[in-house]
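# Coordinates in review
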Amino acid sequence: MEQNIGWNLSRAALSWRHVVDLYMSDLGFTQSRWIAMLHLKRIGEGCTQSELASNIGIEQPSLIRTLNQLCEAGYLQRQESKHDARCKTLWFTSKGKEVLQEMQTIADQGRHALLDGLSDEQRRLLNDALLSIIKNAQKMSSKH
């Protein structure tokens, strides 16, 4: 069974992301755009572009095109950092905040459907197990 955990974890993550993609496409968001929006919401406005890229797990140059598109669409705006003029911080516009509420509603619907059939206790245990795996992976990564 243990040898299948990584495989199943990967398949579950890919399946989860695919379902969210389907839901977000109704709003006109590609995967890279909704991921950037939801990660920014999670870590908080005012973070730098490099902090957001790190949180998502990608290189900053890979994120810049997506941020440019989100800014051009009127969802985000960049501001100079108060601490370092070379850095840009990211902020939601009022339009971005509105669509973020829609995205959150859609994400909640998708999450509810994906977790259908799991009791509250199973959901808690699953979340705790995933957090332990993440913590262990971070410890292992920091040693190399």
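Given the structure is predicted, the values throughout are model-derived calculations rather than measurements. (Residues numbered from 1 in each chain as written. Predicted model: local features only at pLDDT ≥ 70, side-chain atom pairs only at ≥ 80, totals over all residues. Heavy atoms only, no water.)

### Brief notes about the overall build of the chain
When helices and strands are counted, the chain shows six helices and two strands. The C-alpha extent of the chain, read off along each of the three principal axes, is 50 × 40 × 25 Å. Taken across its 144 residues, the chain has 24% of its residues classed as buried. Excluding contacts between residues fewer than 6 apart, the proportion of contacts in the chain whose partners are at least 24 apart in sequence is 47%. Carbon and sulfur atoms provide 51% of the accessible area of the chain, an area that totals close to 10100 Å². Across the chain, the centroid of the 18 positively charged side chains sits 5 Å from that of the 16 negatively charged ones. (Helix = DSSP H or I, 4+ residues; strand = E, 2+ residues; numbered from the N terminus. Buried < 20%, exposed > 50% of the residue type's maximum accessible area, 1.4 Å probe, protein only. Contact = heavy atoms within 4.5 Å. Areas by Shrake-Rupley, 256 points an atom, 1.4 Å probe, with all protein chains shown as cover. Lys, Arg positive; Asp, Glu negative; His and termini not counted. Charge placed at Lys NZ, Arg CZ, Asp CG, Glu CD.)

### Observations regarding helix 5 (residues 94–114)
Because each turn of an α-helix spans 3.6 residues, side chains separated by three or four positions end up pointing in the same direction. With 21 residues, helix 5 should reach 30 Å at 1.5 Å per residue; the first-to-last C-alpha distance of 30 Å fits that figure. Within helix 5, the full set of buried residues consists of Gly96, Val99, Leu100, Met103, Ile106, Ala107 and Gly110. For helix 5, the arc enclosing every buried residue in end-on projection is 135°, short of the 170-degree limit, so these residues lie on one face. Exposed side of helix 5, more than 90 degrees from the buried face: Ser94, Glu98, Gln101 and His112 are the residues found there. Structurally, helix 5 contributes buried residues whose contacts are with helix 1 (2–25), helix 2 (31–43) and strand 2 (88–92). (Expected span 1.5 Å × (residues − 1). Arc of directions from axis to C-beta.)

### Quick look at the side chain of Ser81
The residue Ser81 is located in the loop between strand 1 (76–80) and strand 2 in this model. In this structure the side chain of Ser81 is engaged in a polar contact, spanning 3.3 Å, whose partner is the backbone nitrogen of Asp84. With residues up to four places along the chain from it excluded, the contact list for Ser81 reads Cys87 and Thr89. (Polar contact = N/O pair within 3.5 Å; in protein donor to acceptor, adjacent residues only side chain to side chain.)

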